[in-house]
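This is what each chain is made of:
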Amino acid sequence: MTEEQARRGLEKYWLSRIRDARVLHSHAYEQLRRIAESFEQLPADARFILARARRAERAAFLKYWRAIEIYASLGRESQPLEDDDQLGF
């Protein structure tokens, strides 16, 4: 395997990790949004529900961002993969 093939393999791997993390973050964000919208109807002692949803969304976002950082750190010496434009690069 050449260095270029190895790099392409790593790029494809991290693109799939980015996609998975983006889906996870989208679900966590949507749940946080729904809980926040109904927050007024929640009992006063249920604030932990909103706090837990915020923590889950933040953790999902950090996982997504970390995958993007790793992908970007691979370097862009090779030709961009066709999925790069979907990620905003």
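Chemist: Would you explain the overall build of the protein in this entry?
Modeler: Scanning the protein from N- to C-terminus turns up two helices and zero strands. The contacts of the protein with a sequence gap of at least 6 include a subset with a gap of at least 24, amounting to 77%.

Chemist: Please explain the environment of Arg 34 as it appears in this structure.
Modeler: Within the element layout of this structure, Arg 34 appears in helix α1 (residues 3–37). Distance from Arg 34 to Leu 50, taken between C-alpha atoms, is 9.8 Å for residues 16 residues apart in sequence.

Chemist: How should α1 be read in this particular structure?
Modeler: Residues three or four positions apart in an α-helix share a direction because the helix packs 3.6 residues into each turn. Taking 1.5 Å per residue as the helical rise, α1 with its 35 residues ought to reach 51 Å, and the 50 Å between its terminal C-alpha atoms agrees with that figure. By the burial criterion, the buried members of α1 are Arg 7, Glu 11, Trp 14, Leu 15, Ile 18, Ala 21, His 25, Ala 28, Leu 32 and Ile 35. Close packing links the buried residues of α1 with α2 (47–73).

Chemist: Help me understand the pattern of salt bridges, please; the structure alone is not making it clear to me.
Modeler: Should their charged atoms come close, side chains of opposite charge can pair. Considering all chains together, one arrives at four salt bridges under this definition. The partner of Arg 33 in a salt bridge is Glu 30, with the nearest N and O atoms 2.1 Å apart. Taken together, the positions of Arg 33 and Glu 30, both in helix α1 and three residues apart, correspond to about one turn of that helix. Since its relative accessible area comes to 31%, Arg 33 is described here as partly exposed. Arg 66 serves as the salt-bridge partner of Glu 69, at 3.6 Å between the closest nitrogen and oxygen. Of the two residues, Glu 69 and Arg 66 are both situated in helix α2; the distance of three residues between them amounts to about one turn of the helix. The exposure class assigned to Glu 69 is partly exposed, which follows from its relative accessible area of 37%. A relative accessible area of 48% places Arg 66 in the partly exposed class.

Chemist: Help me out: how do you make sense of the packing of α1 against α2 in this one?
Modeler: A pair of packed helices can be characterised by two numbers: the angle between their axes and the separation between those axes. α2 packs onto α1 with a crossing angle of 160° between their chain directions and a minimal axis gap of 8 Å. Comparing their axes, α2 and α1 come out roughly antiparallel. α2 is crossed by α1, and the crossing has left-handed handedness. A class-by-class count of the residues in the contact of α1 with α2 yields 21 nonpolar, one polar and six charged.

Chemist: What exactly am I supposed to notice about the nonpolar core here?
Modeler: The tendency in soluble globular proteins is for nonpolar side chains to be buried side by side. Counting ten residues, the largest nonpolar core is built from Trp 14, Leu 15, Ile 18, Ala 21, Tyr 64, Ala 67, Ile 68, Ile 70, Tyr 71 and Leu 74. For this core, the elements supplying multiple residues, two or more each, are α1 and α2. At five residues, α2 tops the list of elements feeding residues into this core. Look past the residues within four positions of Trp 14 in its chain and what remains in contact with it is Ala 67, Ile 70, Tyr 71 and Leu 74.

Parameters and conventions
- Residues numbered from 1 in each chain as written.
- Predicted model: local features only at pLDDT ≥ 70, side-chain atom pairs only at ≥ 80, totals over all residues.
- Heavy atoms only, no water.
- Helix = DSSP H or I, 4+ residues; strand = E, 2+ residues; numbered from the N terminus.
- Contact = heavy atoms within 4.5 Å.
- Expected span 1.5 Å × (residues − 1).
- Buried < 20%, exposed > 50% of the residue type's maximum accessible area, 1.4 Å probe, protein only.
- Salt bridge = Lys/Arg side-chain N within 4 Å of Asp/Glu carboxyl O.
- Axes fitted to C-alpha atoms, helices over the stretch in contact; angles between N-to-C directions.
- Parallel < 35°, antiparallel > 145°, perpendicular 65-115°, else oblique.
- Left-handed = near helix turned anticlockwise from the far one by under 90°.
- Nonpolar A, V, L, I, M, F, W, Y, C, P; charged D, E, K, R; others polar.
- Core = buried A, V, L, I, M, F, W, Y, C linked by side-chain atoms within 4.5 Å.

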